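Here's the letter readout for the chains.
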Amino acid sequence: MGKRKTPGVNASSSADIAFMLLLFFLMTSSMDTDQGLPRRLPQPVPKDQKTDTEVDIKKRNLLVVLVSSTNQIMCGGELTDIKQLKDKVKEFIDNPYNDAHLPEKTEVDVPYFGKTMVTKNHVISLQNDRGTSYQAYIDVQNELARAYTELRDDISKKKFGKAFVDLDEDQQKAVQQIYPQKISEAEPKNYGGEN
Amino acid sequence: MPELNTSSLPDLVFAFLFFIMMVTSMREVTLKVQFRAPQATELQKLEKKSLVTFIYVGKPMPELQKQFGSESRVQLNDQFAEISEIQNYIAQEKSSMKEEDQPFMTVSIKADKDTKMGIITDIKQALREAYALKISYSATKRID
């Protein structure tokens, strides 16, 4: 048998073709996963029923955070800077000294933790004006989320020696039971300002 | 010196190509609104892309402002839409999902950071009416 050359297809350029395809897909597709602040909206109110359900929340359990049309923040009736907001909210959620003006604590049986005093009826009511800017609103949402994250992290570190995100699912559920996230985004109101 | 055998290079590249095609999704919409995400720190990733519906809010692109004005507008898919159309749009998106996935549907609100809350509030009300209760305010990571 001698050497018999078969004239094969010249495949040297198929690498280039494949590269072109690859580049095309890299350009047109987006790999970045969307990030955001997840929230849950309340159930829609039936149209015939116009009663305000927030009436039956006790006053001490309610923290009203209001963002005005000039992006100023009122927290519990006081003008608050965005930097102080987190600590105020943390104090409200945690109620460390059992203050009579802060949310009442009820005893709840939480797995891993046993019987714990939890401010489970607290509600943070976030209100905004129609003229509030979106960035200011997100800032406030972010601070509220941060207050919860820090509280949960603290207790996770104390109990399990790990940050909240590193806990397994059951442990996370237990911690969430101690600090349930209760942010109510109230019905829109027009407090003033244009639009 | 023996030459490096490159005959398997195309295969390698194709394998890589398929990998990219699997993990990414095609950019579906062309943006018609100017959109700069607000910044935040407490972000969570949206998990399943197929369960996420996007609503864009912002001022129309400069070249479209003559036609649509410079007020903030809502964009659903490729078109500008009114607030009243959101409910239908959500219902449509919902019905195109698998039934077991429908409760996990998430609506990501991608709004420009200079948007006024009025329009966002209207969208939120519309979403409530449409029973799309899981939402996410899209934002980018703030570097402190």
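Residues numbered from 1 in each chain as written. Chains lettered and ligands numbered in written order. Predicted model: local features only at pLDDT ≥ 70, side-chain atom pairs only at ≥ 80, totals over all residues.

Trainee: Describe the sheet that holds strand β5 (residues 73-76) of chain B, naming the residues involved and giving the relevant values.
Mentor: Within the open sheet, the seven strands sit side by side as β3(B)-β2(A)-β8(B)-β7(B)-β4(B)-β5(B)-β6(B). Their pairing is mixed. Taken across any chain shown, the strands that pair with only one partner, and hence form the sheet edges, are β3 (44-45) and β6 (79-81) of chain B. Each of β2 (35-40) of chain A together with β7 (106-111) and β8 (134-138) of chain B is contacted by helix α3 (residues 134-160) of chain A, which is oriented at about 75° to β2 of chain A, the strand it contacts most. (Pairing = 2+ DSSP bridges. Helix = DSSP H or I, 4+ residues; strand = E, 2+ residues; numbered from the N terminus. Contact = placed C-beta atoms within 7 Å. Axes fitted to C-alpha atoms, helices over the stretch in contact; angles between N-to-C directions.)

Trainee: Hey, could you go over the nonpolar core for me, with residue numbers and the actual values?
Mentor: Formed by 50 residues in total, the largest nonpolar core has its most connected members in V140 of chain A together with V57 and I109 of chain B. In terms of residue count, α3 of chain A provides more of this core than any other element does, nine residues in total. When sequence neighbours within four positions are dropped, the list of residues in contact with V57 of chain B reads V33, S72, V74, I109, A111, D112, T115, I119 and I120 of chain B. (Core = buried A, V, L, I, M, F, W, Y, C linked by C-beta atoms within 7 Å. Buried ≥ 20, exposed ≤ 12 C-beta atoms within 10 Å, placed from the backbone.)

Trainee: Kindly report on the environment of R4 of chain A, identifying the contributing residues and their values.
Mentor: Within the element layout of this structure, R4 of chain A appears in the segment before α1 (14-28). Placed 164 residues apart in sequence, R4 of chain A and D168 of chain A show a C-alpha to C-alpha distance of 65 Å.

Trainee: Lay out the interface of chain B and chain A in plain terms, naming residues and giving numbers.
Mentor: Counting residues at the interface gives 47 residues for chain B, matched by 41 residues for chain A. Listing elements by their share of the side of chain B that touches chain A, those giving two or more residues are α1 (9-23), β1 (25-26), β3, β7, α4 (117-129) and β8 of chain B. Broken down by element, the residue count for the side of chain B that touches chain A peaks at nine residues, all from α1 of chain B. Class assignment for the residues of the side of chain B that touches chain A results in 23 nonpolar, 13 polar and eleven charged. (Nonpolar A, V, L, I, M, F, W, Y, C, P; charged D, E, K, R; others polar.)

Trainee: Go over helix α2 (residues 82-94) of chain A with me, naming the residues and quoting the values.
Mentor: Residues and elements named next belong to chain A. Here α2 spans 19 Å end to end across 13 residues, near enough to the 18 Å set by a 1.5 Å rise per residue. Every buried residue belonging to α2 is among L85, V89, F92, I93 and D94, and all of these are buried. For α2, the secondary structure elements touched by its buried residues are β3 (62-67), β4 (73-75), β5 (78-80), β8 (123-128) and α3. One or two steps after α2, the chain reaches N95, where phi turns positive at roughly 45°. (Expected span 1.5 Å × (residues − 1).)

By themselves, these are just geometric observations and shouldn't be taken as functional.
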